[in-house]
Amino acid sequence: MSFLVKHLPLFFTIFFLLFNSSIAIYDIKTYGATSNGKIDSSKAFVSAWAAACASTSPATIYVPQGSYLLKGAHFHGETCKSKAITLRIDGTILAPSDYNVIGKEENWIKFERVAGVSIYGGTLDGQGANLWACKTSGNNCPQGPMGLTFSNSSNINISGLTSKNSQMFHILVDNCQNVKLQGVKVSAPGNSPNTDGIHVQYSSRVSIMNSRIGTGDDCISIGPGTSNLWIENIACGPGHGISIGSLGWDVEEPGVQNVTVKTVTFTGTQNGLRVKTWARSSNGFVRNILFQHVVMANVQNPIIIDQNYCPNNENCPHQGSGVKISDIKYRDIRGTSATEVAVKFNCSKKYPCSGISLEDVNLRYRDQPAEASCANAGGSASGFQKPTSCLLVN
């Protein structure tokens, strides 16, 4: 028995190799990748993808330990024969530190029209510091590319991935179905511009779980056309919180519905739970949203709905938001606010918020009860309420 226990890891390894003997493995080094972080390995990544894509069995693209410079790669799945492609990363993939190399590109790493793709482990380093410095200096700078993008794809699994210092959004899920992100770590300085952690739009059946996100923008942002989104066990900070929006820029815009956000801790963030819409005409909507079991630690705006978003009064002065907000539930929200007004419902005059539900809210400001502010907001409150609800009963 002692021999078996001593050699148990070896037996598991042998079992794993035997069980997965039918999986084709494509090591990027065999396709010419260099692990010194200085020589561009883009062609090696694309070649390994082409080989895995052409496989008639499950395939794994392997990135060994080391640093690999990648100027950019787009992986297309329209013609793939393999229905299960895994990218196993043990190393670090680096974007060029000179933002002029890829600064005008929309995406750094993009998967387009793929199905059954999984990413396990590894680090994506966008090396965005030089671009952020350019932006904050007021110089004429490129926008910078998204870090990792999945577009028009389905059955995606991202597990144990670290994404840091992206030039723009770290992870974008766009027009996708059945996407699971778990154990993801996203990190960028709190003053890095437009570095949203995970942005989801025009997608359904997406889950984000057991992840730590700290950025200079939203930890998680939710765009138009998002439905059936599940967010659970998230640590957010620094950053701008978890935001639905901005919504309502376009007149014809699909809404956001069936979103659950639970077991989240916000630490030192600008916002906690935010819904934000442009003060413009739109037929969009936000409905059936649940925020539950949330802890705020020194958050500037723990609970906020802002339907009068119009920065610098450009493109929307004196307009009201057309986005209809209804059936938003806040349950077991507690902690500390960095400002006196911890609950702000600033809703549209044209389409007031309805069906807002507050249940067991306990937010403090400097060891005192915080305050609430409401405009055009209706709903109900039950259980413990600090601050006292200002909702119009409807």
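Preceding this section is the structure that the text describes.
Within each chain, residue numbers correspond to sequence positions counted from 1 in written order. Selection of residues for local features in this predicted model requires a pLDDT of at least 70, selection of side-chain atom pairs for listing and counting requires 80 or more, and totals for whole chains, interfaces and linings are taken over all residues. Heavy atoms from the whole structure form the basis of all side-chain values; hydrogens and water molecules are not counted.

Structural notes on the overall build of the chain
Here is step 1: In terms of regular secondary structure, the chain is built from 5 helices and 32 strands.
Here is step 2: Here the radius of gyration uses the C-alpha set of atoms, whereas the globule reference equals 2.2 Å times the residue count to the power 0.38. A globule of 394 residues ought to have a C-alpha radius of gyration of about 21 Å, and the chain, at 23 Å, matches this closely.
Here is step 3: Expressed along its principal axes, the backbone C-alpha trace of the chain runs to roughly 65 × 60 × 35 Å.
Here is step 4: Throughout this description, buried means an accessible area under 20% of the type-specific maximum (1.4 Å probe, protein chains only), exposed means over 50%, and partly exposed covers the range between. With 394 residues in all, the chain has 52% of them scored as buried.
Here is step 5: Note on definitions: a residue-residue contact is assigned when non-hydrogen atoms from the two residues lie within 4.5 Å. In the chain, the proportion of contacts linking residues at least 24 apart, taken out of those at least 6 apart, comes to 75%. Per the convention used, a helix needs a DSSP run of H or I reaching at least four residues, while a strand needs a run of E reaching at least two, with both numbered from the N terminus.

What to know about the pattern of salt bridges
Here is step 1: One speaks of a salt bridge when a side-chain nitrogen belonging to Lys or Arg is within 4 Å of a carboxyl oxygen belonging to Asp or Glu. Under the criterion given, the structure shown has 6 salt bridges.
Here is step 2: In this structure, Glu 112 engages Lys 110 in a salt bridge whose closest nitrogen and oxygen atoms are separated by 3.4 Å. With respect to burial, Glu 112 and Lys 110 carry one shared label: buried.
Here is step 3: In this structure, the salt-bridge partner of Arg 331 is Glu 359, at a minimum N-O distance of 3.6 Å. Of this pair, Arg 331 sits in strand 26 (residues 324–337) while Glu 359 sits in strand 28 (residues 353–365); the two residues are 28 residues apart in sequence, bridging distant segments of the chain.
Here is step 4: Taking relative accessible area as the criterion, Arg 331 reaches 30% and is therefore assigned partly exposed.
Here is step 5: Overlapping salt bridges bring together Lys 110, Glu 112 and Arg 113 as one network.

Some details on the packing of aromatic side chains
Each pair of aromatic rings is reported with the distance of its centres and the angle of its planes.
Here is step 1: Here a pair means two rings of Phe, Tyr or Trp (six-membered ring of Trp) with centres within 6.5 Å. Their orientation is stacked below 30 degrees between planes, edge-to-face above 60, and tilted elsewhere. Counting across every chain of the model gives 8 aromatic pairs.
Here is step 2: Between Phe 111 and Phe 150 the ring centres are 4.7 Å apart and the planes differ by 5°, which places this aromatic pair in the stacked class. Placement of Phe 111 in strand 8 (residues 107–112) and of Phe 150 in strand 11 (residues 146–151) is noted, with a sequence separation of 39 residues between them. Grouping residues by exposure puts Phe 111 and Phe 150 together as buried.

Focus on helix 5 (residues 129–137)
Along an α-helix, residues three or four positions apart point the same way, because every turn accommodates 3.6 residues.
Here is step 1: Buried residues of helix 5: Leu 131, Trp 132 and Cys 134, and no others. Around the axis of helix 5, the buried residues are gathered within 160° of arc, so they sit on the same side.
Here is step 2: Once helix 5 ends, the next one or two residues include Gly 138, with phi positive near 85°. Our arc is simply the arc of the directions from the helix axis toward the C-beta atoms.

Section: the pairing of strand 15 (residues 177–182)
Here is step 1: In this description, strands pair whenever DSSP reports at least two bridges between them. As judged from the 5 bridges shared by strand 12 (residues 154–159) and strand 15, these two strands associate in the parallel manner. What sits directly across from Ile 158, in strand 15, is Leu 181.

Some thoughts on the nonpolar core
Here is step 1: Residues Phe 111, Tyr 330 and Phe 345 are the most contacted members of the largest nonpolar core, which totals 92 residues.
Here is step 2: It is helix 3 (residues 42–54) that provides the largest number of residues to this core, a total of 7 residues.
Here is step 3: Once you skip the residues sitting within four places of it in the chain, Tyr 330 turns out to touch Leu 273, Phe 291, Ile 303, Ile 305, Phe 345, Ile 356, Ser 357, Leu 358 and Glu 359. Working definition of a nonpolar core: buried Ala, Val, Leu, Ile, Met, Phe, Trp, Tyr and Cys residues. They are joined through side-chain atoms within 4.5 Å.

Here we look at the sheet that holds strand 23 (residues 271–278)
Here is step 1: The strand order 5-8-11-14-17-19-21-23-25-27-30 describes an open sheet built from 11 strands, whose pairing is parallel. Since the sheet does not close on itself, it has two edges, and those belong to strand 5 (73–76) and strand 30 (371–375), each with one partner. The sheet shows a mean angle of 15° between the axes of neighbouring strands, direction not considered.
Here is step 2: Where strand 5 and strand 8 come together, 4 bridges link them in parallel fashion. Bridge pairing in strand 8 links His 74 to Lys 110.
Here is step 3: Axis lines are fitted through C-alpha atoms, for helices just across the contact stretch, and the angle between N-to-C directions can take any value from 0 to 180 degrees. Sheet strands in contact with helix 3 are strand 5 and strand 8, and its direction is about 10° off that of strand 5.

Some remarks on the state of the cysteines
Here is step 1: Here, a disulfide means two cysteine sulfur atoms that sit within 2.5 Å of each other. Taken as a whole and judged by the stated rule, the model has 6 disulfides.
Here is step 2: Each disulfide pairs two cysteine sulfurs, and for Cys 53 the partner residue is Cys 80, the sulfurs being separated by 2.1 Å. Note on the Cys 53 and Cys 80 pair: the S-S dihedral is about -120°, so by sign convention the disulfide is left-handed. Within this pair, whereas Cys 53 is found in helix 3, its partner Cys 80 is found in the loop between strand 5 and strand 6 (85–89), the two being separated by 27 residues in sequence.
Here is step 3: Assessed through its relative accessible area of 7%, Cys 53 is described here as buried.
Here is step 4: For Cys 219, the disulfide goes to Cys 236, at an S-S distance of 2.1 Å. Its torsion about the S-S bond being 85°, the disulfide of Cys 219 and Cys 236 is classed as right-handed. On the criterion of sequence distance, the pair formed by Cys 219 in the loop between strand 18 (204–214) and strand 19 (220–222) and Cys 236 in strand 20 (residues 227–236) is long-range, its members being 17 residues apart.

Structural notes on the environment of Ser 47
Here is step 1: By secondary structure assignment, the location of Ser 47 is in helix 3.
Here is step 2: Considered as a pair, Ser 47 and Ile 28 are 19 residues apart in the sequence and their alpha carbons are 8.2 Å apart.

Structural notes on helix 3
Here is step 1: The span expected for a helix works out to 1.5 Å for each residue beyond the first. Taking 1.5 Å of rise per residue, the 13 residues of helix 3 would be expected to cover 18 Å, and the 19 Å separating its terminal C-alpha atoms lies within 8% of that figure.
Here is step 2: When we look at burial in helix 3, the residues that qualify are Ser 42, Ala 44, Phe 45, Ala 48, Trp 49, Ala 51, Ala 52 and Cys 53.

So, to be careful, I would describe these as geometric facts and stop short of saying anything about function.
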